[in-house]
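A look at the structure
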Amino acid sequence: MDVILIVLVIALVLFVPSFITKRRFGLLGLALAAGSLLSGIWGFDAGLIASALGIPASPLTTALTLSFIVLLPPGILLFHGYTYKTFIGRAIGASLFTLLVLAFLIEPLGHVLMLHGIGNNIYNWLINYRTAIIGVGLIIAVVDIFLTKPAHLADKHHKH
């Protein structure tokens, strides 16, 4: 039950800023993919920098470092970019963003969390379907970007 509560808190912490800022899922989803690539490239170096700063190396430190690198690009884009106009669009976009973040971060979180019981079952389900969630999520992100109208076109009103 502890794992479920921790995952729900993480999901809520990810959902709320995305929902409040009204940012579109497409750009945030692709930023997550960029963050994931950067964590693969810089993960080891970031760990070395953390240890040079005197932060002891542990699974928690590694998970937090990788999570920070993954969340940095979408975190920056939460303050810039296209927005949803409707409540339903915001809710769906924030939900998709949250699910995609959890798919990207579930593996590092698994090294830190004590898994047992139903929490272990949920973790295993997410690990088994992680690549499918990420693949479908990124396809939806690209489609969302194609459906986004530039601001100068969205504001024009035709008299016809």
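So, here's what we can say about the structure. Think of each chain on its own: its residues are numbered from 1, step by step along the sequence as written. Predicted model: local features are reported for residues with pLDDT of at least 70 only, side-chain atom pairs are reported and counted for 80 or more only, and whole-chain, interface and lining totals are derived from all residues. Excluding hydrogens and water, the side-chain figures rest on all heavy atoms present in the structure.

1. Quick word on the packing of aromatic side chains
Put simply, two rings from Phe, Tyr or Trp (the six-membered ring, in Trp's case) pair if the centres are within 6.5 Å, and we call them stacked under 30 degrees between planes, edge-to-face over 60, tilted for the rest. Enumeration according to the criterion identifies three aromatic pairs in this entry. Look at phenylalanine 19 and phenylalanine 87: their rings are 5.4 Å apart centre to centre, the planes differ by 85°, and that puts the pair in the edge-to-face class. Taken as a pair, phenylalanine 19 in helix H1 (residues 2-21) and phenylalanine 87 in helix H4 (residues 87-112) lie far apart in primary sequence, 68 residues in all. Remark: exposure states derive from per-residue accessible area (1.4 Å probe, protein chains only) relative to the maximum for the residue type, with buried under 20%, exposed over 50%, and partly exposed in between. On the basis of relative accessible area, phenylalanine 19 is assigned to the buried category, the value being 15%. Classification of phenylalanine 87 as exposed rests on a relative accessible area of 56%. Measuring from centroid to centroid gives 5.1 Å for tryptophan 125 and tyrosine 129, while their planes differ by 45°, and the two rings are tilted. Assessed through its relative accessible area of 43%, tyrosine 129 is described here as partly exposed. Ring-pair connections join several aromatic residues into one group, and the members of that group are Phe15, Phe19 and Phe87. Numbering of helices and strands starts at the N terminus; helices are DSSP runs of H or I of at least 4 residues and strands are runs of E of at least 2.

2. Some points on unusual backbone geometry
With a phi close to 65°, lysine 22 is a non-glycine residue in the positive phi region. For lysine 22, the location among the structural elements is in the loop between H1 and helix H2 (25-52).

3. Focus: the packing of H2 against H4
Viewed as axis vectors pointing N to C, H2 and H4 meet at an angle of 10°, and their least axial separation amounts to 9 Å. For the element pair H2 / H4, the angle class is roughly parallel. Seen from H2, the contacting residues are Phe25, Leu28, Gly29, Leu32, Ala33 and Ser36; seen from H4, they are Gly93, Leu96, Phe97, Leu100, Val101 and Phe104. Charged means Asp, Glu, Lys or Arg here, nonpolar means Ala, Val, Leu, Ile, Met, Phe, Trp, Tyr, Cys or Pro, and polar covers whatever is left, Gly included. Along the lines of polarity and charge, the residues of the contact of H2 with H4 split into nine nonpolar, three polar and no charged. Angles run from 0 to 180 degrees between N-to-C directions of axes, and those axes are lines fitted to C-alpha atoms, restricted for helices to the stretch in contact. Small angles under 35 degrees read as roughly parallel and large ones over 145 as roughly antiparallel, with 65 to 115 read as roughly perpendicular and the rest as oblique. Residues are treated as being in contact if the distance between any of their heavy atoms lies within 4.5 Å.

4. Quick notes on helix H6 (residues 130-147)
Given a helix with a known number of residues, its expected span is that number minus one, times 1.5 Å. If you check H6, its first and last C-alpha atoms are 25 Å apart, about what 18 residues at 1.5 Å a residue would give, namely 26 Å. Residues of H6 that are buried include every one of Ile133, Ile134, Gly137, Ala141 and Asp144, and no others. Along H6, the residues classed as buried sweep out an arc of 90° about the axis, all on the same side. Exposed side of H6, more than 90 degrees from the buried face: Thr131, Ile139 and Phe146 are the residues found there. Where H6 is buried, its residues meet H2, H4 and helix H5 (117-128). What the arc describes is the spread of directions from the helix axis to the C-beta atoms.

5. Overview of the nonpolar core
Counting 22 residues, the largest nonpolar core has Phe25, Leu32, Phe97, Leu100, Val101 and Phe104 as its most contacted members. Going through the elements one at a time, H2, H4, H5 and H6 are the ones with two or more residues in this core. In terms of residue count, H4 provides more of this core than any other element does, eight residues in total. Not counting the four nearest positions on each side in its chain, phenylalanine 97 is found in contact with Leu14, Ser18, Phe25, Leu28, Leu32 and Pro74. Only buried residues count toward a nonpolar core, which is a set of Ala, Val, Leu, Ile, Met, Phe, Trp, Tyr and Cys residues joined through side-chain atoms within 4.5 Å.

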